[in-house]
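Notes for the structure review
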Amino acid sequence: EANLSGDISIDRIRRNRYVSRDRTSSAPASMDAGEHDGVYIPGSYIAGMTVDGKPVSAYAKVVARFQADPGHSTHRLNAGADWSFDKNYGRGQVLDITRPLFSGNAQRPWPYNAIPAQHGMGIFIEDNSTFRLGRSSLEIMAGLRAMTMLNIGREYNMHGRIWLDPRVNMKFSFPNIEIWDIPIRSSIGGGIGQHTKTPTMGQLYPSPVYFDLTQLNYYNNDHPELRRVNYMTYIVNPANVSLSPAQNLKWEIRGDLSVGGNRLSITYFQENMKSGFRNSDRYDGFERKVYDITGVDGNSLQEPPQLEDLPFTRDTLMYGWSVTTNSSRTFKKGVELSFSSKRIEAIRTRLTVTGAWFWTEYSNSEPVYYYSGTIINGKRVMYTGIYLNDSNYLREIYNTNFTFDTDIPRLGLGFSVTLQCVWYNRQRNTPRSRIPDAYCGTDGVIHPYTEESAQDPYLKTLINNYNEDAFRWTSEPFYMTSNIKVTKKLFKDKITVAMFINQLINYMPDYDSYGVTVRRSATPYFGMELNFKL
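Structure report, in brief. All values derive from a computational prediction rather than experimental measurement.

1. Some remarks on the environment of leucine 4
Turning to its location among the elements, leucine 4 is positioned in strand E1 (residues 2–8). Its relative accessible area of 73% is what places leucine 4 among the exposed residues. As for leucine 4 and alanine 58, which are separated by 54 residues in sequence, their C-alpha atoms are 7.5 Å apart. When residues no more than four places from it in sequence are discounted, the contact partners of leucine 4 are Tyr59 and Ala60.

2. Things to note about unusual backbone geometry
A positive phi angle, near 60°, is found at aspartate 181, a position not held by glycine. You can see aspartate 181 is positioned in the loop between strand E13 (177–179) and strand E14 (182–197). Notably, glutamine 503 is not glycine yet its phi reads approximately 60°, a positive angle. Along the chain, glutamine 503 turns up in the loop between strand E31 (495–502) and strand E32 (511–513).

3. Section: the side chain of serine 136
In this fold, serine 136 is placed in strand E11 (residues 136–150). You can call serine 136 buried: its relative accessible area is 11%. When sequence neighbours within four positions are dropped, the list of residues in contact with serine 136 reads Phe131, Phe172, Ser173, Phe174 and Pro175.

4. Examining the pairing of strand E25 (residues 393–408)
On any regular strand, side chains alternate: one points to one face of the sheet, the next to the other face. Judged from the 14 bridges that link them, strand E20 (residues 349–364) and E25 form a sheet pairing that is antiparallel. Of the residues in E25, the one forming a bridge with phenylalanine 358 is isoleucine 397. Pairing of E25 with strand E26 (residues 413–429), which is carried by 16 bridges, proceeds in the antiparallel orientation. Bridge assignment links threonine 400 to a residue of E26, and that residue is cysteine 421.

5. So, the pattern of salt bridges
For the coordinates displayed, the defined rule picks out 21 salt bridges. Two residues, aspartate 256 and arginine 263, come together in a salt bridge whose shortest N-O distance is 3.1 Å. Residue class for aspartate 256 comes out buried when judged on its relative accessible area of 17%. With a relative accessible area of 48%, arginine 263 lands in the partly exposed category. Of the charged contacts in the structure, one is a salt bridge between arginine 343 and aspartate 405, with a shortest N-O distance of 3.1 Å. On the criterion of sequence distance, the pair formed by arginine 343 in the loop between strand E19 (312–340) and E20 and aspartate 405 in strand E25 is long-range, its members being 62 residues apart. Judged on exposure class, the residue arginine 343 and its partner aspartate 405 are both buried. A single salt-bridge network, built from bridges that share partners, covers Arg12, Asp52 and Arg91.

6. Some remarks on the sheet that holds strand E27 (residues 438–440)
Strand order in the open sheet formed by 4 strands is E21-E24-E27-E28, and the pairing between neighbours is antiparallel. Each edge of the sheet is formed by a strand with only one pairing partner; in this case those strands are strand E21 (368–370) and strand E28 (446–448). Each adjacent strand pair in this sheet contributes to an overall mean axis angle of 30°, direction not counted. Where E21 and strand E24 (residues 384–387) come together, 3 bridges link them in antiparallel fashion. If you follow tyrosine 370 over to E24, its bridge partner there is glycine 385.

7. Quick notes on the environment of arginine 108
Mapped onto the secondary structure, arginine 108 falls in the loop between strand E9 (92–95) and strand E10 (118–133). When its relative accessible area of 11% is taken as the criterion, arginine 108 is described as buried. The sequence separation of arginine 108 and threonine 98 amounts to 10 residues, and the corresponding C-alpha distance is 9.9 Å. Discounting chain neighbours no more than four positions away, the residues touching arginine 108 are Pro28, Ser30, Met31, Ile97, Tyr210, Asp212 and Thr233. Polar contacts involving the side chain of arginine 108 include one to the side chain of aspartate 212, which spans 2.8 Å.

8. Side note on the nonpolar core
Core analysis: the biggest nonpolar cluster contains 11 residues, these being Ile115, Met147, Met149, Ile152, Tyr156, Met158, Trp163, Met201, Leu204, Tyr205 and Leu243. Elements represented by at least two residues in this core include exactly E11 and helix H1 (201–204). Residues in contact with isoleucine 152, not counting those within four places in the same chain, are Met158, His159, Leu204 and Tyr205. Counting 8 residues, the second-largest nonpolar core is a separate cluster that includes Ala27, Ala47, Met49 and Leu101.

9. Things to note about a positive patch on the surface
There is a patch of like positive charges on the surface, built from Lys489, Lys492, Lys494 and Lys533. With respect to the element layout, lysine 494 can be found in the loop between strand E30 (479–490) and E31. For lysine 494, a relative accessible area of 44% gives the class partly exposed.

Scoring rules and cut-offs
Residues numbered from 1 in each chain as written. Predicted model: local features only at pLDDT ≥ 70, side-chain atom pairs only at ≥ 80, totals over all residues. Heavy atoms only, no water. Helix = DSSP H or I, 4+ residues; strand = E, 2+ residues; numbered from the N terminus. Buried < 20%, exposed > 50% of the residue type's maximum accessible area, 1.4 Å probe, protein only. Contact = heavy atoms within 4.5 Å. Pairing = 2+ DSSP bridges. Salt bridge = Lys/Arg side-chain N within 4 Å of Asp/Glu carboxyl O. Axes fitted to C-alpha atoms, helices over the stretch in contact; angles between N-to-C directions. Polar contact = N/O pair within 3.5 Å; in protein donor to acceptor, adjacent residues only side chain to side chain. Core = buried A, V, L, I, M, F, W, Y, C linked by side-chain atoms within 4.5 Å. Patch = residues over 30% accessible without salt bridge, like charges linked within 9 Å, V, L, I, M, F, W, Y side chains within 5 Å. Areas by Shrake-Rupley, 256 points an atom, 1.4 Å probe, with all protein chains shown as cover. Lys, Arg positive; Asp, Glu negative; His and termini not counted. Charge placed at Lys NZ, Arg CZ, Asp CG, Glu CD.

Okay, here's the thing in structure tokens:
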């Protein structure tokens, strides 16, 4: 089988906005790095912006299927390859940087077509096998997928690399038995597999970050032609050439039991992704000149102040930007439960119970940078702390749904009542590491944080002090909501009409959380569905 699909779109958004401010401000007027003069933005103007998008995508896939039945087994083999293409040929945001759409926003446009096209390619093979072992059977699904990203620069670690995603699922079915004429079927299974998620081209090729440092701002109220503002602009490329795909490893074990038409299924699973994408902060020091205009006589000026005639001092400022890294860890584990009863013929009703217990932990897998900007004696502390642990997020929830559905084919009627119960839901944020593991200054050199560092009046500001009450568990006790749905089939099942009422009857009592009364409520809503079958 071969499949090919494509899509071409043209998206264009235009926006005009009247901006009015109580004072005149300045803005940079250059797209290049270095020293340059800016412009003064009037108090009111009309700003315009066009967002031009021309996304193009294509997808191709070819699959070959084989089958073999040697002896007491069957094998179904799938093998194939796929390729995807995504590219936006639009100009992106088209605007006048001297007339920003929002006050104080010195925005630089970054055209979509500057981002290279994303090419993804993969090959895969999968074998679904069934082995007959007397009255028992064993099912095994084993597969392997190899994938790579094309059209990536040689400076990236991902260039030319191939990632493998293996997976195996197994299911053993025990012999069917009967006890007192009640059929019993049971099976046990499990699986393990890895999934690789590649970064987007926007993450690999992000827009440049501009830092505009004001060096001179001479504003003459009486003579606009004498005004002058000067900037030192730095351009930082936030691309992370070490970025790699995020890989998630999951395994599970499950059991199924069916007794007389009543089925019970329980699954335990764990997921661990240590290389998820995260926007991590990076900091650096940027130098500028600070021109002294105290000696400028506005009455004697014939032209804007000349930089070469003004004294100046050098100053360094600390700025930060975001970089996409593989420093996010997500760990999940849980138990999923599913029970479906045999329909009670006397009342044509069946009970279905689904429930789950989930534990989720979001944390960092690499050290994090943090700049506090603390001021001592009128000067900012120009050090960035590097901490082993960021503020992590923990969550635990246990819920169960009870569904009673009644089917009356003779009348073409169906009734469904669902009770959604959340037995408890709790979460907690953990504090960042109190003492940094290392630090760096404006020179970018990383130094270990020692006991001597903690005695330095500037470096000791990197030590975090927390109120432990801010990191306690917050728990939400039991609550229940209900949903009701009625379905009617008409004209030989060609028309189906359904009416539903959600959250009509609820149990959501108030509860106390560390001395604060939390009130809960739910808003009922009604709806109707109409389906035609021709």
